[in-house]
Amino acid sequence: MRTQALYIEDRRAWGDTGPLTDLLKIGLPISAIDVIIRATNGATSNQGQPLHLDVDRVEILNGSDRLHSLSLVQGLVQHSYERGKYPPHILTEAAAAVQEQGYRISFGRFLGDPLYWLDPGAFRNLTYRFAGDLTISATVGF
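All of the points below concern the structure found in this document. (Residues numbered from 1 in each chain as written. Predicted model: local features only at pLDDT ≥ 70, side-chain atom pairs only at ≥ 80, totals over all residues. Heavy atoms only, no water.)

Comments concerning the pairing of strand S2 (residues 32-40)
Item 1. Of the two faces of S2, the one holding Ile33, Val35, Ile37 and Ala39 is buried and the one holding Ala32, Asp34, Ile36, Arg38 and Thr40 is not buried anywhere.
Item 2. By the bridge criterion, nine bridges tie S2 to strand S5 (residues 98-106) in an arrangement that is antiparallel. Following the sheet pairing, Asp34 is matched in S5 by Arg104. (Buried < 20%, exposed > 50% of the residue type's maximum accessible area, 1.4 Å probe, protein only. Helix = DSSP H or I, 4+ residues; strand = E, 2+ residues; numbered from the N terminus. Pairing = 2+ DSSP bridges.)

Right under this line is the structure:
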């Protein structure tokens with residue numbers, strides 16, 4: 001099976017309040033979704049506030065049905081277990097530096113699995129949602 005990489009969202013701003021939600025507008029079968037979340041540290045530093053502590057939920061939904069729902073910490077653990085290594089990341093406390101963490105949501109046994117995948121056409125309201133509250137501060141947060 002031939003695979004193709006697509007961006008669902010790239011560099012979308014996440015507001016101070018409320019979850020980030022949108023439709024998954026893809027018509028092709030989905031083998032995996034790589035979730036990557038970036039946040040810029042405060043102007044002076046970010047002491048003891050890694051990104052994974054602020055992201056409470058990463059979800060794939062169809063209406064009220066949850067197809068995937070994990071905190072960022074749980075997603076990192078699942079990724080580590082399934083692949084035998086911690087996912088790529090950037091953690092730093094430096095002033096105005098960018099932190100980056102994420103993991104892969106797999107819908108098959110491996111990337112490009114021809115037998116198992118997520119078929120967006122089988123769902124009427126396929127959406128993604130990120131929930132959490134980023135610590136907003138010039139001295140101890142983002």
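Topic: helix H1 (residues 72-83)
Item 1. Taking 1.5 Å per residue, 12 residues should reach 16 Å; H1 reaches 16 Å between its end C-alpha atoms and fits that length.
Item 2. Where H1 is concerned, the buried positions are Leu72, Gly75, Leu76 and His79. Seen end-on, H1 carries its buried residues on one side only, within an arc spanning 100 degrees. Exposed residues on H1 whose side chains face more than 90 degrees from its buried face are Val77 and Tyr81.
Item 3. Those residues of H1 hidden inside the fold are in contact with strand S3 (55-62), strand S4 (65-70) and S5.
Item 4. Phi for Gly84, located one or two positions after H1, is positive at around 75 degrees. (Expected span 1.5 Å × (residues − 1). Arc of directions from axis to C-beta. Contact = heavy atoms within 4.5 Å.)

Considering the pattern of salt bridges
Item 1. Taken as a whole, this structure holds seven salt bridges when the rule is applied.
Item 2. A salt bridge links Arg38 to Glu100; the nearest nitrogen and oxygen atoms lie 2.7 Å apart. With Arg38 in strand S2 and Glu100 in strand S5, the pair connects residues that are 62 residues apart, well separated along the chain.
Item 3. Residue Glu59 pairs with Arg66 through a salt bridge whose shortest N-O separation is 2.8 Å. (Salt bridge = Lys/Arg side-chain N within 4 Å of Asp/Glu carboxyl O.)

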